[in-house]
Amino acid sequence: MADFNTYFLMKADEVISYVKEKTDFFDRNADLSCTEIGDGNLNYVFRVIDGKSGKSQIVKQAGDTARISDEFKLSTNRIRIESNVLKLEGELAPGLVPDVYLFDEVMNCCVMEDLSDHTILRTALNEGRIFPKLADDLTTFMVNTLLLTSDVVMEHKAKKALVQDYINPELCEISEDLVYSEPFTDHNNRNDLFPANKEWIEENIYGDDKLRFEAAKLKFAFMTNAQALVHGDLHSGSVFVKEDSTKVIDPEFAFYGPMGYDVGNVVANLIFAWSRAYVTNADEKYVSWLEDTIKDTVDLFAKKFLASWQENVTDIMAKEQGFDRWYLDSVLQDTASVTGMEMIRRIAGLAKVKDMTTIADEAQRVAAERICLSSAKQFILESASYKTGEQFLTVVKDAASR
Ligand code: SR1
Ligand code: MG
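It should be emphasised that the depicted structure is a prediction, and the values quoted were computed from it without experimental measurement.

Enquirer: Help me get a handle on the overall build of the chain, residues and values and all.
Expert: Tallying secondary structure elements over the chain gives 15 helices and 10 strands in all. Rg of the C-alpha trace for the chain: 21 Å, near the compact-globule value of 21 Å for 402 residues, within the 12% margin. Taken along the three principal axes of its C-alpha coordinates, the chain extends 65 × 55 × 40 Å. Scored against the burial criterion, the 402 residues of the chain give a buried share of 44%.

Structure representation (structure tokens):
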């Protein structure tokens, strides 16, 4: 019989014993089976299901290295961060994250709601599926979790206590390397560029001094701007969707950082989907929904942000006339920069996206990657110019028509 008072990495049969011992979710006579279903880069994810009642739950366990490679030594503290952030996000943005049933600091695992009736957004987008509530739900999630954890709303000492709780050095270091350094230098020799775009990237990314200078500025802003409790990895693999429901998962990269880091990640990943759809001549209705979703993500975020500001801001100086718009503009500028950084790193860095890598036709993949990379450069170099959804979309459409 396994001893769950000492940490070890569980196998599927041990997870069954674990949930029987640690939770009362299933009936005593349940007929449990368990499968490891994780396909992320870091952790192990088990689905436990009762063959009799059909009830199911997820057990997510963290190891002390990344699942994809022992190169990444990681504190298991990330699963504490994920569990606690999910609970907090559930309070700030009800219905938009999975329920957490149990966090176990010995076994470094979290037991949570099974969302198997949902699909990972990236997979769904690559299949050309439409989700009418997506922009509305994601902007509510971002405005609530970002603005309400910032200094303009929270009592300042309480906010600083959260900064301390969510210090996340190892996972931040992954982003500092994979988002803000390696795509511009390949100093760790692991960018593994798509051969047909290698020369272009060497000339236009590694070879662009102005771009690398802007990337350097952004790296230190990411490291020092403790503005809000950000999700920290809000790409389309961190969102589960079904027709009438959106759930944000995996906040293990959460820390106090710039709000635009989350918004830019959402916008960039929608642009990947658009570029793929454009070069593969996807269904017009789908492309038009994607375009509306890109625009709505920016515009609804701005609208809800200003409305929430009126309702929730407490800091006396933050109530100065015009400060709300000034603050939002700086978040939108960060959004444009991060949109560019995420687009470059997912094509010219280690952690690539299937939206690009599964385009079978070489010419189409070259075109899709270049649309993203050219737009990304513009977002970074002219980050102050984009304040509306239409302006964001125009950059990408112009790059596609060149
Ligand atoms: C080593 S982890 C690679 C990437 O996967 C995560 O989802 C983050 O995006 C990270 O950069
Ligand atoms: Mg993840």
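Enquirer: Go over the site of ligand 1, please, and point to the residues and values.
Expert: Around ligand 1 lies a shell formed by Asn41, Leu42, Ala66, Ile68, Phe72, Ile174, Ser175, Leu178, Asp233 and Ala351. Of the residues assigned to the shell around ligand 1, the class counts are seven nonpolar, two polar and one charged. A domain-level breakdown of the shell around ligand 1 finds at least three residues from each of domain 1 (12-113) and domain 2 (119-401).

Enquirer: Would you mind going over the domain arrangement of the chain in detail, with residue names and values included?
Expert: Once the domains are mapped, the chain shows domain 1 (12-113) and domain 2 (119-401). Each of domain 1 and domain 2 has a C-alpha centre, and the two are 27 Å apart. Every contact between the two is made by 18 residues of domain 1 and, on the other side, 20 residues of domain 2. For the side of domain 1 that touches domain 2, the per-class residue count stands at 12 nonpolar, three polar and three charged.

Enquirer: Can you break down the pairing of strand β5 (residues 109-113) residue by residue, with the values?
Expert: Taken across its five residues, β5 has four buried, putting it largely inside the fold. In this structure, strand β3 (residues 56-61) lies alongside β5, joined through five bridges in antiparallel fashion. If you follow Gln61 over to β5, its bridge partner there is Cys109. Examined bridge by bridge, strand β4 (residues 100-104) and β5 share four bridges and lie antiparallel to one another. When the bridges of β5 are listed, Val100 appears paired with Met112. Between β4 and β5, which pair antiparallel and follow one another directly, the connecting turn spans four residues, one of which, Asn108, has a positive phi of 50°.

Enquirer: I'd like a description of unusual backbone geometry, backed by residues and values.
Expert: Positioned with a positive phi, Asn108 is a non-glycine residue whose angle comes to about 50°. Here Asn108 shows up in the loop between β4 and β5. Within the chain, Asp186 stands out as a residue other than glycine whose phi angle is a positive 50°. By the secondary structure assignment, Asp186 is in the loop between α7 (182-185) and α8 (195-206). For Asp186, a count of 19 C-beta atoms within 10 Å gives the class partly exposed.

Enquirer: Explain the sheet that holds strand β1 (residues 32-36) to me, and be specific about the residues and the numbers.
Expert: One open sheet holds the five strands; their spatial order is β1-β2-β3-β5-β4, and the pairing between them is antiparallel. Pairing within the sheet leaves two strands with one partner each, and these edge strands are β1 and β4. Neighbour to neighbour, the strand axes of the sheet diverge by 20° on average, direction disregarded. With respect to the sheet, helix α1 (residues 12-22) is in contact with β1, β2 (44-50), β3, β4 and β5, its orientation differing from that of β1 by roughly 125°. Relative to the sheet, helix α2 (residues 77-92) contacts β3, β4 and β5, its axis offset from that of β4 by approximately 150°.

Enquirer: Account for the nonpolar core, naming residues and giving values.
Expert: Membership of the largest hydrophobic core comes to 90 residues, with the highest contact counts inside it found for Val267, Ile271, Trp274 and Cys372. Here the element with the most residues in this core is helix α10 (residues 260-279); it accounts for 13 residues. Core analysis: the second largest hydrophobic core is formed by 18 residues, Phe26, Cys34, Val59 and Cys109 among them.

Enquirer: Summarise the confidence of the model for the chain; cite the residues concerned and give the values.
Expert: A residue-level look at the chain finds 100% of positions with pLDDT of 70 or above and a mean pLDDT of 97. Predicted complex, confidence summary: ipTM 0.98, pTM 0.97.

Enquirer: Report on the environment of Ala336, specifying residues and quantitative values.
Expert: Inspection of the secondary structure assignment puts Ala336 in helix α12 (residues 323-348). Residues Ala336 and Lys387 lie 51 residues apart in sequence; the distance between their C-alpha atoms is 8.7 Å. The contact partners of Ala336, leaving out residues within four places of it in the chain, are Phe379, Ser383 and Tyr386.

Enquirer: Describe the sheet that holds strand β6 (residues 119-120), and please don't skip the residues or the numbers.
Expert: With antiparallel pairing, three strands are arranged side by side in an open sheet as β6-β8-β9. Single-partner strands in this sheet number two, and they are β6 and β9 (245-248). As paired strands, strand β8 (residues 239-242) and β9 are joined by four bridges and run antiparallel to one another. Bridge pairing in β9 places Val239 opposite Val248.

Enquirer: Account for the pairing of β2, naming residues and giving values.
Expert: When β1 meets β2, the two strands line up antiparallel, connected through five bridges. Each bridged residue has a counterpart across the sheet, and for Ser33 the counterpart in β2 is Ile49. Relative to β3, β2 runs antiparallel, the two being bridged by six bridges. The residue of β3 that forms the bridge with Tyr44 is Gln61. As consecutive antiparallel partners, β2 and β3 are separated by five residues, and within that stretch Gly54 has a phi angle of approximately 80°, a positive value.

Cut-offs and rules
Residues numbered from 1 in each chain as written. Chains lettered and ligands numbered in written order. Predicted model: local features only at pLDDT ≥ 70, side-chain atom pairs only at ≥ 80, totals over all residues. Helix = DSSP H or I, 4+ residues; strand = E, 2+ residues; numbered from the N terminus. Rg over C-alpha atoms; globule rule 2.2 N^0.38 Å. Buried ≥ 20, exposed ≤ 12 C-beta atoms within 10 Å, placed from the backbone. Near = placed C-beta within 6 Å. Nonpolar A, V, L, I, M, F, W, Y, C, P; charged D, E, K, R; others polar. Domains from an automatic or database assignment. Contact = placed C-beta atoms within 7 Å. Pairing = 2+ DSSP bridges. Axes fitted to C-alpha atoms, helices over the stretch in contact; angles between N-to-C directions. Core = buried A, V, L, I, M, F, W, Y, C linked by C-beta atoms within 7 Å. pLDDT = per-residue confidence, 0-100.

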